[in-house]
Amino acid sequence: MTITRGTAIPGKPPNNLVGVALLAAFVGQGVALAMSPGPGGPLTFGFVLIGWVLAVMAHEFAHAFVAYVAGDTTVKAKGYLAFDPRRYGDLGTSLVIPLLALALGGIGFPGGAVYLRNDLMRSRAWRAAASLAGPAATLMILLALATLLALWPGAAGGPLFEALAILAFLQAMALVLNLLPVPGLDGFNALRPFLPATWTPTISKLEGVAMLVLLGALFFVPMIGNLLFGATADLTSALGVPRSAIGAGWDTFHFWKG
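None of the values given here were measured: they were computed from a predicted structure.

Calculation rules
Residues numbered from 1 in each chain as written. Predicted model: local features only at pLDDT ≥ 70, side-chain atom pairs only at ≥ 80, totals over all residues. Heavy atoms only, no water. Helix = DSSP H or I, 4+ residues; strand = E, 2+ residues; numbered from the N terminus. Expected span 1.5 Å × (residues − 1). Buried < 20%, exposed > 50% of the residue type's maximum accessible area, 1.4 Å probe, protein only. pLDDT = per-residue confidence, 0-100. Salt bridge = Lys/Arg side-chain N within 4 Å of Asp/Glu carboxyl O. Phe/Tyr/Trp six-rings, centres within 6.5 Å; stacked < 30°, edge-to-face > 60°. Patch = residues over 30% accessible without salt bridge, like charges linked within 9 Å, V, L, I, M, F, W, Y side chains within 5 Å. Areas by Shrake-Rupley, 256 points an atom, 1.4 Å probe, with all protein chains shown as cover. Axes fitted to C-alpha atoms, helices over the stretch in contact; angles between N-to-C directions. Left-handed = near helix turned anticlockwise from the far one by under 90°. Contact = heavy atoms within 4.5 Å. Nonpolar A, V, L, I, M, F, W, Y, C, P; charged D, E, K, R; others polar.

> Quick question: what am I supposed to make of helix H6 (residues 159-178) here?
Structural remark: α-helix, 3.6 residues per turn; residues separated by three or four positions point the same way. A rise of 1.5 Å per residue sets the reference length of H6, with its 20 residues, at 28 Å; its end C-alpha atoms lie 28 Å apart and thus fit the reference within 8%. Counting buried residues in H6 gives 19 out of 20 residues, a clear majority hidden from the surface.

Spelled out as structure tokens, the structure:
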């Protein structure tokens, strides 16, 4: 998710070791799942959550990198080109709330954010490209997961296979959500550079409200939630991710409900 208004205060320099530690934990839990004789339970939960955070990092890094190429050199000073998830928004709205949405409702709700300077980018096309770079990174992760599952050696199945399947499902959901033309999401931000400048104050006021309304609708309006989950299931199926593995991974991820 990109934010194209205001500025972020740099604060402390980023620490790449934070991202390295997360990656190491992700790999370690993946090895543990591969060796697990039965359902992963808490291991699957931790593996998927850490994988989600790493995917958000890739998504936001892509936004920042394209913005940097487009002329917004402030992203480097803000630490967006580092391997540190703490740089992509604040703890509450960018990490805690999305992770709660993920854990409680299984909704891959966009959480990270980068503050980009539209006025420094060379053209409206570059601004749109910077907004679409995040979903492009999410799509690449989704395709990589789907390819890995398709090439899985031996009989497909097991705790690690199912955990990767649910992680792919959540990436597909994040892609669908991010491309919606809703203020505050990347789909709308890609259109925003081509809208009349006089609309900017109104759009800025709508962004926060629109995100809260969307989150509430996903949780409390069954038809909206069903549309999202249906579109996500269709996308993952089209990429060859087995629905049976997604279902098993879903149940294991929400181990406390069993």
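> Mind showing me how you'd approach the environment of Leu 177 here?
The residue Leu 177 is located in helix H6 in this model. The exposure class assigned to Leu 177 is buried, which follows from its relative accessible area of 1%.

> Any chance you could explain the confidence of the model for the chain here in plain terms?
Residues shown with low pLDDT carry predicted positions that ought not to be read at fine detail. Across the chain, the average pLDDT comes to 87, with 88% of residues at or above 70. When mean pLDDT is taken per element in the chain, helix H5 (residues 124-150) scores highest with 97 and strand S1 (residues 2-3) scores lowest with 62.

> It is not clear to me how the pattern of salt bridges should be interpreted in this structure. Could you clarify?
Two side chains bearing opposite charge may form a pair once their charged atoms approach each other closely. Considering all chains together, one arrives at 4 salt bridges under this definition. We note a salt bridge from Arg 86 to Asp 84, for which the minimum N-O separation is 2.9 Å. Given the relative accessible area of 0%, Asp 84 is considered buried. For Asp 119, the salt bridge identified is with Arg 117, shortest N-O distance 2.7 Å. With a relative accessible area of 26%, Arg 117 lands in the partly exposed category.

> I'm lost on the packing of aromatic side chains in this one. Help?
A ring pair, where both rings are aromatic, is described by two values, the distance of the centres and the angle of the planes. This model, assessed by the stated rule, comprises 9 aromatic pairs. An aromatic cluster is present here, built from Phe 169, Phe 229 and Trp 250 joined pairwise through their rings.

> Please explain the environment of Pro 13 as it appears in this structure.
By secondary structure assignment, the location of Pro 13 is in the loop between S1 and helix H1 (16-35). In this structure Pro 13 comes out as exposed when scored by relative accessible area, which is 66%. In this structure, the C-alpha to C-alpha distance between Pro 13 and Asp 84, residues 71 residues apart in sequence, is 9.7 Å.

> Honestly, a nonpolar patch on the surface in this entry has me stumped. Any pointers?
Taken together, the side chains of Leu 17, Val 20, Leu 23, Val 27, Val 31, Met 35 and Phe 83 define a hydrophobic patch exposed on the protein surface, amounting to about 660 Å² of accessible area. Structurally, Leu 23 is set in helix H1.

> Please explain the packing of helix H2 (residues 42-70) against H6 as it appears in this structure.
For any two helices packed against each other, one specifies the crossing angle of their axes together with the interaxial distance. The geometry of H2 relative to H6 is characterised by a closest axis approach of 10 Å and an angle of 40 degrees between their N-to-C directions. As H2 packs across H6, the resulting crossing turns out to be right-handed. Across the interface between the two elements, Thr 44, Phe 47, Val 48, Gly 51, Trp 52, Ala 55 and His 59 from H2 touch Leu 160, Ala 163, Leu 164, Ile 166, Leu 167, Leu 170, Gln 171, Ala 174 and Asn 178 from H6. Considering only residue class, the contact of H2 with H6 consists of 11 nonpolar, 5 polar and no charged.

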